[in-house]
Amino acid sequence: SQTIHQWPATLVQPVGSPLSLECTVEGTSNPNLYWYRQAAGRGLQLLFYSVGIGQISSEVPQNLSASRPQDRQFILSSKKLLLSDSGFYLCAWSGGGAGGRRTDTQYFGPGTRLTVL
Amino acid sequence: AQSVSQHNHHVILSEAASLELGCNYSYGGTVNLFWYVQYPGQHLQLLLKYFSGDPLVKGIKGFEAEFIKSKFSFNLRKPSVQWSDTAEYFCAVNSGYSTLTFGKGTMLLVSP
């Protein structure tokens, strides 16, 4: 069966420091991968998605970037964190497919709670 | 761009009450529809989904949802809620090759 891991689970970082959040998926190959930010009362906001290694699409321009160095690894980064980057970050995967279909069911990881002070 | 509207941000019910959470979306074409649930301290998990076929979809834990194309709606229902249904519920929609758009969520509190 497929599993998705995120780490760290919680993180407290000072403003201006760098960020690296990692997501890995097991039990599947060539998944579509997604990064979301969840804010209370605002639902889930898609930040980035990837249909393959090195292929990143950004949904919202901001202080963050994403990379996919391996098929089942997705990394969310920042060079300098802002206070507004605080939030709950979720990684998700779905089945890949020809043409980069993105309509399959998405499965979510446990999330990372980031607090920027 | 698609949008998803969940009408109630907070719902409080007593155990055994019936539940209906509203969800409306804006896209007029073919859509895939989902309800996700997030129990306190747990992962966001899939409750049910609709891709095609019977518009009445049954999910886990006694939940069901009905897709009404003419109303652009996909309301979630449960005839009798339990305390363990306390959670946040999210409606989500995608279409074609688009990514998933989530509603803002509804926090359900069931009192014993």
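Relevant structure appears above.
Criteria and cut-off values
Residues numbered from 1 in each chain as written. Chains lettered and ligands numbered in written order. Predicted model: local features only at pLDDT ≥ 70, side-chain atom pairs only at ≥ 80, totals over all residues. Heavy atoms only, no water. Helix = DSSP H or I, 4+ residues; strand = E, 2+ residues; numbered from the N terminus. Rg over C-alpha atoms; globule rule 2.2 N^0.38 Å. Buried < 20%, exposed > 50% of the residue type's maximum accessible area, 1.4 Å probe, protein only. Areas by Shrake-Rupley, 256 points an atom, 1.4 Å probe, with all protein chains shown as cover. Lys, Arg positive; Asp, Glu negative; His and termini not counted. Charge placed at Lys NZ, Arg CZ, Asp CG, Glu CD. Disulfide = S-S within 2.5 Å. Core = buried A, V, L, I, M, F, W, Y, C linked by side-chain atoms within 4.5 Å. Contact = heavy atoms within 4.5 Å.

Peer 1: Please provide a residue-by-residue account of the overall build of chain B, values included.
Peer 2: Across its full length, chain B holds zero helices and 12 strands. What you see in chain B, going N to C, is helices and strands ordered as β-β-β-β-β-β-β-β-β-β-β-β. Over its C-alpha trace chain B gives a radius of gyration of 13 Å, about what one expects of a compact globule, namely 13 Å for 112 residues. For chain B, the spread of C-alpha atoms along the principal axes amounts to about 40 × 25 × 20 Å. Here chain B holds 112 residues, and the buried ones make up 47% of them. Accessible surface computed for chain B: about 5400 Å², of which carbon and sulfur atoms make up 55%. A distance of 6 Å separates the average location of the 8 positive side-chain charges in chain B from that of its 7 negative side-chain charges.

Peer 1: Describe unusual backbone geometry, listing the residues and the values that go with them.
Peer 2: Of note, the bond from Trp 7 of chain A into Pro 8 of chain A is cis; its omega dihedral lies within 30 degrees of zero at -5°. Within the element layout of this structure, Pro 8 of chain A appears in the loop between strand 1 (3-7) and strand 2 (10-13). For Ala 16 of chain B, which is not a glycine, the phi torsion comes out positive at approximately 80°. Here the phi dihedral of Phe 72 of chain B falls at roughly 50°; this positive angle occurs in a residue that is not glycine. You can call Phe 72 of chain B partly exposed: its relative accessible area is 32%.

Peer 1: Please set out the state of the cysteines residue by residue, giving values where relevant.
Peer 2: Evaluated as defined, the whole model comprises two disulfides over all chains. Disulfide pairing places Cys 23 of chain A opposite Cys 91 of chain A at an S-S distance of 2.0 Å. Linking Cys 23 of chain A and Cys 91 of chain A, the disulfide has an S-S dihedral of approximately -75° and is accordingly described as left-handed. Of the two residues, Cys 23 of chain A is situated in strand 3 (residues 19-26) and Cys 91 of chain A in strand 9 (residues 87-94); the sequence distance between them amounts to 68 residues. The exposure classification of Cys 23 of chain A matches that of Cys 91 of chain A, with both residues buried. Each disulfide pairs two cysteine sulfurs, and for Cys 23 of chain B the partner residue is Cys 91 of chain B, the sulfurs being separated by 1.9 Å. One quick way to see it: the torsion about the S-S bond of Cys 23 of chain B and Cys 91 of chain B is about -65°, and its sign makes the bridge left-handed. Separated by 68 residues along the polypeptide, Cys 23 of chain B in strand 4 (residues 23-25) and Cys 91 of chain B in strand 10 (residues 87-94) bring together distant segments of the chain. The class for Cys 23 of chain B is buried, based on a relative accessible area of 0%. The exposure class of Cys 91 of chain B is buried, given its relative accessible area of 0%.

Peer 1: Residues and numbers for the nonpolar core, please.
Peer 2: One recurring pattern in soluble globular proteins: nonpolar side chains tend to sit buried together. In this structure, Leu 33, Trp 35, Leu 48, Phe 74, Leu 76 and Tyr 89 of chain B are the most contacted members of the largest nonpolar core, which totals 28 residues. If near-sequence neighbours (up to four positions away) are discounted, Leu 76 of chain B is found in contact with Leu 19, Glu 20, Leu 21, Trp 35, Leu 47, Leu 48, Phe 63, Glu 64, Ala 65 and Tyr 89 of chain B. Counting 20 residues, the second largest nonpolar core, distinct from the first, contains Trp 35, Phe 48, Phe 74 and Cys 91 of chain A.

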